[in-house]
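Residues per chain, in single letters:
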Amino acid sequence: MTDQPMTGNLDLFEPLDQMMHPYRDQFPPESKLPAKGRPREAILEEVEALRSLEQSRWEEGFASGSVYHGDYEHIEFLNKVYAIQSQANQLHADIWPSAAKFESEIVAMTAHMLGAGQTDAPLGSEQGICGSVSSGGSESILLAMKTYRDWARDKKGISEPELVLPESAHAAFHKAGEYFNIKLNVTPLDDAFRADISAVEKAINDNTIAIIGSAVNFPYGTIDPLEEMSQLALKRGIGFHVDGCLGGFFLPWAEKLGRDVPKFDFRLPGVTSMSCDTHKYGYAAKGTSVVLYRGMALRRYQYFTTSDWPGGLYYSPTFSGSRPGGLSAACWAALVSMGEEGYLTATQKILDAAAIMQQGVEGIEGLRILGQPIGVFAFTSDELDIYQIMDQMSARRWALTGLQRPAALHVSPTLRQTGPGVAERFVEDLKESVAFVRANPNAEGGMAPIYGLAASIPDRSIVHEMLKQLMDVYYRL
Ligand SMILES: Cc1ncc(COP(=O)(O)O)c(C=O)c1O
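Residues numbered from 1 in each chain as written. Predicted model: local features only at pLDDT ≥ 70, side-chain atom pairs only at ≥ 80, totals over all residues. Heavy atoms only, no water.

1. A few points about the site of the ligand
What counts is decided by this rule: One heavy atom suffices: a residue is near a molecule or strand as soon as one of its heavy atoms comes within 4 Å of it. Polar contact criterion, stated in full: a pair of N or O atoms within 3.5 Å, where within protein one must be able to donate a hydrogen and the other to accept it, and residues adjacent in sequence count only if both atoms are side-chain atoms. Secondary structure elements are defined from DSSP: runs of H or I of at least 4 residues count as helices, runs of E of at least 2 residues count as strands, and each element is numbered from the N terminus.
Every one of the 13 residues lining the ligand counts as a neighbour, but Gly137, Ser138, Asp243, His279 and Lys280 are closest to it. The contact in question runs from a nitrogen atom of the ligand to an N or O atom on the side chain of aspartate 243, over 2.6 Å. Per element, the largest residue contribution to the shell around the ligand is three residues, and it comes from helix α5 (residues 137–156).

2. Points about unusual backbone geometry
Following alanine 215, the chain continues into valine 216 via a peptide bond in cis, with omega recorded as 0°. Note that valine 216 resides in the loop between β4 (208–214) and α8 (226–236). A cis amide bond, omega 0°, links arginine 405 with the succeeding residue proline 406. Relative to the assigned elements, proline 406 resides in the loop between β12 (401–403) and β13 (408–411). The residue asparagine 181 is not glycine, and still its phi comes out positive at about 60°. Inspection of the secondary structure puts asparagine 181 in the loop between α6 (171–180) and β3 (183–187). Even without a glycine there, the phi angle at arginine 397 is positive, about 80°. Inspection of the secondary structure assignment puts arginine 397 in the loop between α12 (386–395) and β12.

3. Focus on the pattern of salt bridges
The criterion, for reference: Salt bridges are identified by distance alone: a Lys or Arg side-chain nitrogen within 4 Å of an Asp or Glu carboxyl oxygen. Exposed residues in this analysis have more than 50% of their type's maximum accessible area, buried residues have under 20%, and partly exposed residues fall in between, with area computed by a 1.4 Å probe over protein chains only.
Counted by the stated rule, this structure contains 22 salt bridges. Notably, a salt bridge pairs aspartate 277 with lysine 280, separated by 2.3 Å at the nearest N-O pair. Neither aspartate 277 nor lysine 280 differs from the other in exposure class; each is buried. Residues participating in the shared-partner salt-bridge network are Lys146, Arg149, Asp150 and Arg153.

4. A few points about the packing of α12 against helix α13 (residues 422–439)
Spelled out, the test is: To obtain each axis, a line is fitted to C-alpha atoms, and for helices this fit is confined to the stretch in contact; angles are then taken between N-to-C directions over 0 to 180 degrees. For classification purposes, angles smaller than 35 degrees are called roughly parallel, those larger than 145 roughly antiparallel, those between 65 and 115 roughly perpendicular, and all remaining angles oblique. Each crossing gets its handedness from the near helix: less than a right angle anticlockwise from the far helix is left-handed, clockwise is right-handed. The contact criterion used throughout is that any non-hydrogen atoms of two residues lie within 4.5 Å.
With their axes 9 Å apart at the nearest point, α12 and α13 run at an angle of 125° to one another. As judged from the angle between their axes, α12 and α13 are oblique. Between α12 and α13 lies a crossing whose hand is right-handed. Of the residues in α13, those in contact with Gln388, Ile389, Gln392 and Met393 of α12 are Phe426, Asp429, Leu430, Ser433, Val434, Phe436 and Val437.

5. Quick word on the layout of surface pockets
What counts is decided by this rule: A 1.4 Å probe that fits into a set of points on a 1 Å grid over the protein atoms alone but cannot get out defines a cavity; an open set with protein on both sides within 12 Å along at least five of seven lines defines a pocket, and lining residues are those with an atom within 4 Å of a point. Grid points are joined across faces, edges and corners, and a volume is the space filled by probe spheres set on the points. Any residue that is not Ala, Val, Leu, Ile, Met, Phe, Trp, Tyr, Cys, Pro, Asp, Glu, Lys or Arg is counted as polar, Gly included; the first ten are nonpolar and the last four charged.
In this structure, the second largest pocket encloses a volume near 630 Å³. Of all the secondary structure elements, the ones that give two or more residues to the lining of the second largest pocket are α4 (97–113), β1 (129–134), α10 (296–299), β8 (304–306) and β9 (314–316). Residue contributions to the lining of the second largest pocket peak at six residues, all from α4. Looking at side-chain class alone, the lining of the second largest pocket contains 16 nonpolar, 10 polar and three charged residues.

Here's what the structure looks like:
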């Protein structure tokens, strides 16, 4: 292979290289296995030193999303459960039947929270809501899309499958399209940053296997018109996946707390699958999510089996073979230790913090919030370079996500922003950042030039190439 990078501009990646590899001097990289194993004490010291360099930023609430709970006692408790079950592997349910207990209960509790008890078919019945535990939101989405592809091939003879998804649907659906050879029909949003229902209807054709809605979507935290989409899916006899990766463990509690939350789950009869992340607002450790289906017949299209392999009769419900049983145990422990009361309390606190942050944004001249979000939100500026504002927030230790089309910043408030004064500090830092950018509109450096460059390149294949080079930077020593 002699392909040269298309952009070849390594300077562009210098700030990213510095961001990803700040430890080269302090902790010289290992480029091959040490001839003799290093003493465990020294290794623990190094890992501990890295932890302490990184912890305060997220712990003190400067990160959007990322760590959704983060209280010391909660983390210690989950770590303890993980350690107890660290050798368990779901692939060997004969040795660790506890894994089957944890996972079936995680699925049942999540399904119940998302309306399973309010459908015609009881949990555990052939038509009831069922599912699997996966490694994260992306895997849940990939599994569901593979499931629809195989279901549509079997039941409808569709050999060139297509999905209809609003622009705001998560990138994982694009990954699914690429991995599984499913054509994507991306539809525009309405003025409120929700799926434009008439565009969705128009995009459906005979090859459509499913439509996608989000509750809430990642960029703006808004909820698509799911009731109408549910009707549409029923009318056309196609799948309807609601991506609740971000909102699945948040909206049920916001609704119980009296917020105006439209129906978003299996109470809508057209919803045939959902993804819901335990490792976000479910407050489990990173590495688990739940994918749910209406009826076991659909879930079976997700399963993999092989009958003639010399290694034995083999089956696997999700993408991985061996899986970390400790993570499922810790996920189960998070759910049963929080309980409904814990989730309600946590959600109330986050709603309060989000209100301070959102009102703060609205009170700053030159900024405006996009759509009508519930918790997660995004804001933009019609006057100032929003990416420069992001850089100024980064200089004040904040880690926010830059959005594009339109250029905006995204914030997922978590329990880390509910600590004393954290949400208020966000507003103060944002005021300072906006004032700085207003006074210094031509300041250089940071991420703003990279976002600016990416936005200005009409040939998107060059941007793809830049992103690939960025991953190469990640793997540099
Ligand atoms: C709405 C939504 N869907 C899917 C995902 C993907 O989840 P993960 O990063 O766990 O793969 C995210 C992640 O933020 C999300 O917000």
